[in-house]
Amino acid sequence: MRPSAYQLGLIFVTGSAIAWSLAGLFTRVIPQDNWTILAWRGIFGSLGIATVMAFTEHGRFWASFRDMGRAGWLFVGISALGMVFFISALKETTVAHVAVIYATIPFVAAILGWFVLGERSTWSAVLASIAAAIGVSLMVGFSVEGTVFGDVLAFGMTLCMAVLMIIVRRSPDVSVMPAACLSALFSSLVCWPLGNPLGVTANDLMLIALFGILVSAVGLALFTLGAKLLPPIETALIGSLDAPLAPFWVWLVFNEVPSMSTVFGGSIVFAAVIVHVISGASRKAKARRLVQQNNVS
């Protein structure tokens with residue numbers, strides 16, 4: 001019995017969340033500096049994404065790069081900067097801290113949307129944002145794990161990703177796959193002279209290749225396919241699984257156990273995210289029912 005489109009969507013988005021959650025584990029396993037990891041990861045990531053595009057663009061491979069426009073190139077630059085922040089944060093603080101801080105991205109994006117696009121936030125979004133800020137404050141302020149510098153880097157990565165969401169919302173015709181491909185390649189070119197890419201061992205190179213291909217190419221491809229088959233609410237909820245999964249893998253391999261303040265603060269953040277997403281879905285469902293009732297009457 002073949003799976004339905006809905007079931008395939010669940011499988012694809014869940015697979016993407018699992019793939020993305022492995023980033024922290026790869027960063028911990030690979031005994032190289034940030035710049036060296038970024039240099040090789042960018043190359044393998046861009047090659048992997050380009051391979052996926054070759055199968056999905058249906059003869060428009062080169063045209064998709066040519067048609068990105070200014071918004072697409074801005075996406076490339078911000079995405080590359082966010083990746084530098086991300087890998088550096090994973091080296092400077094715990095995976096749990098990075099995961100919890102990144103989980104605040106819906107609220108950071110909402111604030112940016114208000115300032116840049118004039119989109120007014122609902123009271124539920126404001127209250128959820130306050131709860132998330134309290135959770136992060138508890139985690140960072142009372143935890144003995146990680147470093148403040150690493151947490152700042154994690155927030156820098158979160159801010160970059162929120163800016164990418166605003167770019168896509170403002171220019172919905174931006175094609176994510178070619179922009180992500182060029183972003184990975186661009187980050188590699190910038191980081192290459194800052195690290196020691198030619199000094200890596202064969203084993204490290206194999207791990208970085210898996211990092212780039214699995215996390216970047218496979219994760220993005222599965223998410224892109226799955227998001228087309230699921231309602232946005234379910235895509236958001238399932239996609240957020242990468243946040244709690246990331247510290248789980250590191251705990252499994254390295255026994256890096258989060259402190260109670262990290263667990264408590266992280267729980268507040270994740271609860272705020274889930275309530276925010278569910279309340280947003282409820283409002284949209286009510287709006288659709290009102291429209292249908294008006295059409296019937």
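This text follows the structure it describes.
Residues numbered from 1 in each chain as written. Predicted model: local features only at pLDDT ≥ 70, side-chain atom pairs only at ≥ 80, totals over all residues. Heavy atoms only, no water.

Looking at the environment of Val100
Okay, step 1: Mapped onto the secondary structure, Val100 falls in helix 6 (residues 95–102).
Okay, step 2: Taking the C-alpha atoms as reference points, Val100 and Phe270, 170 residues apart in sequence, are found 7.7 Å from one another. (Helix = DSSP H or I, 4+ residues; strand = E, 2+ residues; numbered from the N terminus.)

A word on the environment of Ser216
Okay, step 1: As for its position among the elements, Ser216 is in helix 11 (residues 202–227).
Okay, step 2: When residues no more than four places from it in sequence are discounted, the contact partners of Ser216 are Arg41, Gly45, Ile49 and Phe211.
Okay, step 3: A polar side-chain atom of Ser216 sits 2.5 Å from a polar atom in the side chain of Arg41. (Contact = heavy atoms within 4.5 Å. Polar contact = N/O pair within 3.5 Å; in protein donor to acceptor, adjacent residues only side chain to side chain.)

Details of the pattern of salt bridges
Okay, step 1: Taken as a whole and assessed by the stated rule, the structure comprises one salt bridge.
Okay, step 2: Close ionic contact of Arg60 with Asp67 constitutes a salt bridge, the shortest N to O distance being 2.8 Å.
Okay, step 3: Judged by its relative accessible area of 47%, Asp67 falls in the partly exposed class. (Salt bridge = Lys/Arg side-chain N within 4 Å of Asp/Glu carboxyl O. Buried < 20%, exposed > 50% of the residue type's maximum accessible area, 1.4 Å probe, protein only.)

Things to note about the side chain of Gln32
Okay, step 1: On the secondary structure map, Gln32 appears in the loop between helix 2 (23–29) and helix 3 (34–56).
Okay, step 2: What makes Gln32 buried here is its relative accessible area of 16%.

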